[in-house]
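# Summary of structural features
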Amino acid sequence: MKEILTQIANRKDLSEEQVEDLFDKILQNEVSESQIAAFLMGLKTKGETAAEITGIVRALKKHATELPQPFDDAMCNCGTGGDQSYSFNISTTACFVLAAGGVRMAKAGNRSVSSKSGSADVLEALGINIAATPETLSKALKEVGLAFIFAQTMHPAMRFIGPARQALGIPTIMNLVGPLANPIDLDTQLMGLYRVELQEIAAQAMQKLGRKRALVITGPDNMDEAALYGTNTYTLLEEGKISQHSFTYEDLDMPKVELADIVGGDAKENAKILLNVLQNEASPYLETTVLNAGLGFYANGKADSIKDGVALARQLLADGSALAKLRQLQEVQV
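The following paragraphs examine the structure supplied in this document. (Residues numbered from 1 in each chain as written. Predicted model: local features only at pLDDT ≥ 70, side-chain atom pairs only at ≥ 80, totals over all residues. Heavy atoms only, no water.)

## Describing the packing of helix α13 (residues 284-300) against helix α14 (residues 306-318)
Applicable threshold: Angular values range over 0 to 180 degrees, each being the angle between N-to-C directions of two axes fitted as lines to C-alpha atoms, with helices fitted over their stretch in contact. Strands here are runs of E lasting at least two residues and helices are runs of H or I lasting at least four, both read from the DSSP assignment and numbered beginning at the N terminus. Here the word oblique covers every angle except those under 35 degrees (roughly parallel), over 145 (roughly antiparallel) and from 65 to 115 (roughly perpendicular). Throughout, a crossing is termed right-handed when the near helix is turned clockwise from the far one, and left-handed when it is turned anticlockwise from it by less than a right angle. Here, residues are in contact when the closest pair of their heavy atoms is within 4.5 Å. Residue type decides the class: Asp, Glu, Lys and Arg count as charged, Ala, Val, Leu, Ile, Met, Phe, Trp, Tyr, Cys and Pro as nonpolar, and the leftover types, Gly among them, as polar.
Viewed as axis vectors pointing N to C, α13 and α14 meet at an angle of 125°, and their least axial separation amounts to 7 Å. Considering their axes alone, α13 and α14 lie oblique with respect to each other. Crossing geometry of α13 relative to α14 is assigned as right-handed. Contacts between α13 and α14 involve Leu-286, Glu-287, Val-290, Leu-291, Ala-293, Gly-294, Leu-295, Phe-297 and Tyr-298 from the former and Ile-306, Gly-309, Val-310, Leu-312, Ala-313, Arg-314, Leu-316 and Leu-317 from the latter. Of the residues in the contact of α13 with α14, the class split is 13 nonpolar, 2 polar and 2 charged.

Structure below.
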């Protein structure tokens, strides 16, 4: 540990193997809280690399709870959080639309950290068992094409890192790791990230982790979702190549929606918003969901463009397919 901390202090990057070995020890409770905090703070000060992120993810996946049945075509659309936008649960609402479009969604998430209602909170309010067994999750992925993967249940060893993160009280490399550490080996991914400057590093980590196609999105005002005002910036991993792009609501011929129009509330309020959207009730929430689901279809490769993805999302909300996915999940993930 002393050697690693010295290396970080000298602003030298760590190898993927070094970080994976260290995190194996952390996840077996063999490293002190103060050492973990020093490690996390050191990486933040030095600047995180794709190799360091990948090493942590590989260690976490080794210690994660496994599902009895493997899936090789799953996608996740969870983000890092931490953008302080207090928006409704955008990616959680969009995941039902994506599943309705035939994308197998292993939707990872957690309880609220920086908002009033995290994905786990809102789904729990809708009667979905967020702490379902691996067997139930496999059944949901197979029969519904959608399951909620609760971080606390699937990554029990993360409890050894929690105290150090809480003591630091600031975002660290673990905020980047969370969306990438899905215990299911993802085929494609849409990742929301609240720091544009880290998009390429996140995409490089996804490439190392074997994603066939992925998109990292940062909205205006550093939102970790796409929004219908200002400029959205994204990094695309496609056929082994990484490229940067941007778009606005005008590029997609969509209405302008200000951030103030999509603010959410507590779990009960956000559950009502989610239901209203899936019932295809016109609102700023619906438009924002359509945008992010459309982006998900593009990230997955189901749509050839974001605009085509948006059109598909509208259709699936209008014909009730997205709402049907919620009803199915409520029956299976119990």
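## Focus: the environment of Gln-333
We apply this condition: Distance and chemistry together define a polar contact, namely a pair of N or O atoms within 3.5 Å, with one atom able to donate a hydrogen and the other to accept it when in protein, and with adjacent residues in sequence counting only for side-chain atoms on both sides.
On the secondary structure map, Gln-333 appears in the segment after α15 (321-332). Distance from Gln-333 to Gly-127, taken between C-alpha atoms, is 9.0 Å for residues 206 residues apart in sequence. Non-local contacts of Gln-333, meaning those with residues more than four positions away in its chain, are made with Ile-128, Asn-129, Ile-130, Ala-132, Thr-136, Leu-137, Ala-140, Ala-147 and Phe-148. A polar contact of 3.1 Å, which involves the side chain of Gln-333, links it to the backbone nitrogen of Phe-148.

## Remarks on the packing of helix α2 (residues 16-26) against helix α4 (residues 50-63)
Packing of α2 against α4 brings their axes to within 7 Å, and their N-to-C directions diverge by 35°. Every pair of crossing elements has a handedness; the one defined by α2 and α4 is right-handed. For the pair α2 and α4, contact is made by Glu-16, Val-19, Glu-20, Phe-23 and Asp-24 and by Ala-51, Glu-52, Thr-54, Gly-55, Ile-56, Arg-58, Ala-59, Lys-62 and His-63, respectively. Of the residues that constitute the contact of α2 with α4, the class distribution is 5 nonpolar, 3 polar and 6 charged.

## Examining the sheet that holds strand β7 (residues 241-248)
Threshold: Following DSSP output, two strands are said to pair if at least two bridges run between them.
The 7 strands are arranged β3-β2-β1-β4-β5-β6-β7 in an open sheet whose pairing can be described as mixed. Across the chains shown, the open sheet's two edge strands, defined by having one partner strand only, are β3 (146-150) and β7. Each strand of the sheet is rotated relative to its neighbour by a mean of 20°, with strand direction disregarded. With 8 bridges connecting them, strand β6 (residues 231-238) and β7 associate as antiparallel partners. Its bridge partner lying in β7, Leu-237 is registered against Ile-242. The strands touched by helix α11 (residues 199-208) within the sheet are β4 (188-192), β5 (213-218), β6 and β7, with β6 carrying the most contacts at an inclination of about 25°.

## So, the side chain of Thr-188
Take Thr-188: it is sitting in strand β4. Only 3.0 Å separates the side chain of Thr-188 from the side chain of Asn-300, close enough to count as a polar contact. If sequence neighbours within four positions are ignored, Thr-188 has contacts with Ala-74, Met-75, Cys-76, Arg-213, Ala-299 and Asn-300.

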